[in-house]
Every structure is written in structure tokens, then in C-alpha cells.
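Residue-level structure breakdown
Below are the chains, spelled out letter by letter.
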Amino acid sequence: MSHEQKPATHLGDPDRRTILRAAGGVAIGGIAAALSAPTSSAQETPAPARDPNSLGGRLQGVQHFGLTVQDMERAYEFYTGVLGGTEVFRHGDFQGDAVQNTLLADQEILANHLGVNPRTMGVPDLRGGAQRLDVRFIQFDNVVIELLQYRDADQPMGGPKAFAEPVEHMSPAFPRMMHICFHVRDDVDFNQFIADLEAESARRGMTQVRANRIIRVSTEEERKAAPMDTNTNKVTVAPSDGWELIYCKGPEGEQLEFVKALGPVKKRFSDALAAHLQPASAK
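Residues numbered from 1 in each chain as written. Predicted model: local features only at pLDDT ≥ 70, side-chain atom pairs only at ≥ 80, totals over all residues. Heavy atoms only, no water.

A look at the overall build of the protein
Along the protein, the regular secondary structure elements total 6 helices and 8 strands. Each helix (α) and strand (β) of the protein, taken in turn from the N terminus, gives the series α-β-α-β-α-β-β-β-α-α-β-β-β-α. For the protein, contacts bridging at least 24 residues in sequence account for 67% of all contacts bridging at least 6. Working note: accessible area of the protein is about 16,400 Å², and carbon and sulfur atoms make up 55% of it. (Helix = DSSP H or I, 4+ residues; strand = E, 2+ residues; numbered from the N terminus. Contact = heavy atoms within 4.5 Å. Areas by Shrake-Rupley, 256 points an atom, 1.4 Å probe, with all protein chains shown as cover.)

Describing the sheet that holds strand E2 (residues 86-94)
Strands sit in the order E1-E4-E3-E2 across an open sheet of 4 strands; the sheet is mixed. The sheet terminates laterally at strand E1 (64-68) and E2, the two strands that pair on one side only. When strand polarity is set aside, the average angle formed by the axes of neighbouring strands in this sheet is 20 degrees. Contacting E1, E2, strand E3 (131-139) and strand E4 (144-152), helix H2 (residues 72-82) runs over the sheet at an angle of about 5 degrees to E3. (Pairing = 2+ DSSP bridges. Axes fitted to C-alpha atoms, helices over the stretch in contact; angles between N-to-C directions.)

Digging into the sheet that holds strand E8 (residues 255-261)
Here we have 4 strands laid out as an open sheet, ordered E5-E8-E7-E6, and mixed in their pairing. The open sheet is flanked by strand E5 (179-183) and strand E6 (233-234), the only strands paired with a single partner.

What to know about the confidence of the model for the protein
The predicted model of the protein averages 84 in pLDDT, with 81% of residues at 70 or higher. Of all the helices and strands in the protein, helix H1 (residues 14-23) carries the lowest mean pLDDT, 40, while H2 carries the highest, 98. Within the model, the stretch residues 1-42 combines pLDDT values under 50 with 76 contacts to residues more than four positions away or in other chains. (pLDDT = per-residue confidence, 0-100.)

Structure representation (C-alpha cells):
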């Protein structure tokens, strides 16, 4: 089977490059510290010198984050059409023994231990070809997102039906739950960005893309009617002071975050990146 592949475009937009240089390449952000009370004895821990032969010294950073989706075309449209990512390439129809072993051996071992059919645990049969795996890589300025879809062999590539049903309860409080965080430019009106994100997603039929507000609401009508200045949570408590954020769900129900890193927190990220990149011999 042939697969369409699109070359990555040259990312030369100076405004986009500024994002990375200015804020230290903030890509994935948690908010636990932002919502906690400040500690009275918080201290900065200097970065240890990295041994190039250690595990960390052999890394080049994070290459991509993967997201398994129900509807490949819908997810692809959101991450490229709405958020402006660029397709690197796509590949698919993956099947066979090596693929099954590489991706799913641990789940098969667990199923054998429990004495259950792996399919009851959501494990597809790539080995025998009953199911297939398709992937698409989407490039953003400082990280790649990989979209994955496991489908039955009789389903078309990029179709709306995945092998397994999506998880319905997607609270970020569940252990193992992850989120993808996007970095918004410093000069952007964050409240307007969120309003535009919701409107553009709704225009494309992605009505699940709804941002939370900083005020308490009980219904969808109340959420929509909330003043625009309640879109953004602006953190003023150190060490997260300068952090601005919203949480929302993506079109697949995935947890997303959008942030700005300004002032003190921006400097903390920049300093940490500089320390991380400093050669071990110079520390």
C-alpha cells in the first residue's frame, strides 16, 4: 500500500523562532506548582554536571509526544488546520509480529498473567493483521506531535472508527493522564486567542473544544456567557508568577493547555535551559 508523504517545510518565520529563544522553549507545562501555596524556604537547586556517558547525557531532548485518536482526519484537521502545525510525513498499515512485539508485548504478558483474551484489554491483533496502525507526525516550532490510530483492517485509513472505544472520563486528575501544552506568543491577547480558538473549532464542527473559565459555572450556557476576561488564569504567586494558562479539551477529548510564560517565570525557564545546555566542563 502506498502512503502519501509530505516533506517538512522550512520553519523560518522569525516571530515563531522568537518564541523559543525568549522563553526557553516551554513546550509542556504542569500547573501543580502554580496552584499551590508558596513555600517560605524555596531554594534553587543548581543543575549537576552531566556525564556524557550517563543516560541523560546521551539524550538530545524530547522528540515527540504521541496521541492515540479515534478519528484521524478530525485530529489532523485540528492540529494542522486550527493550530497551524505542519505535517512531516504519514505512514500506516503497520502490522506483523515485530510491530506487535515492539508496541504491545507488555500488555500481552499482563493478559497472559490474568488469563484473559488480550482483546478484552484493548490490545489489537497487529500480529495477525486483524488490526492495523496508522501514524502522522505534525511539526510545531519546538516539538513534534504524533497522531496514532489503531483500526480494524476493513476500516479505511484516516476513518472515524478506531479499534477501541475512547476513554470517556478524561479528568486530568487521573493518574497516567497526560496533556499537551502549547506556548502562546508574548504579544498575543490571550483572552481573544481563547475566544478565537473556540470559534474556529466550532466552525469546523469540533464542539468539544471548550476552554474552562476562572469563575465557577454550572452549565454550558453559563460558561459561554462568562466575561472574556475570565478566560485566562494569571498566576501571581512565586515561583509561577508570570504564568498564564487555560485548560480545554481537544476534538478527541484529549487534555490540552495553552500558556504564556512572562516576567519572573519566563526568566526561570530561560535560566534553567541555559544551565541544562551548558557543557559539563564549564559547570
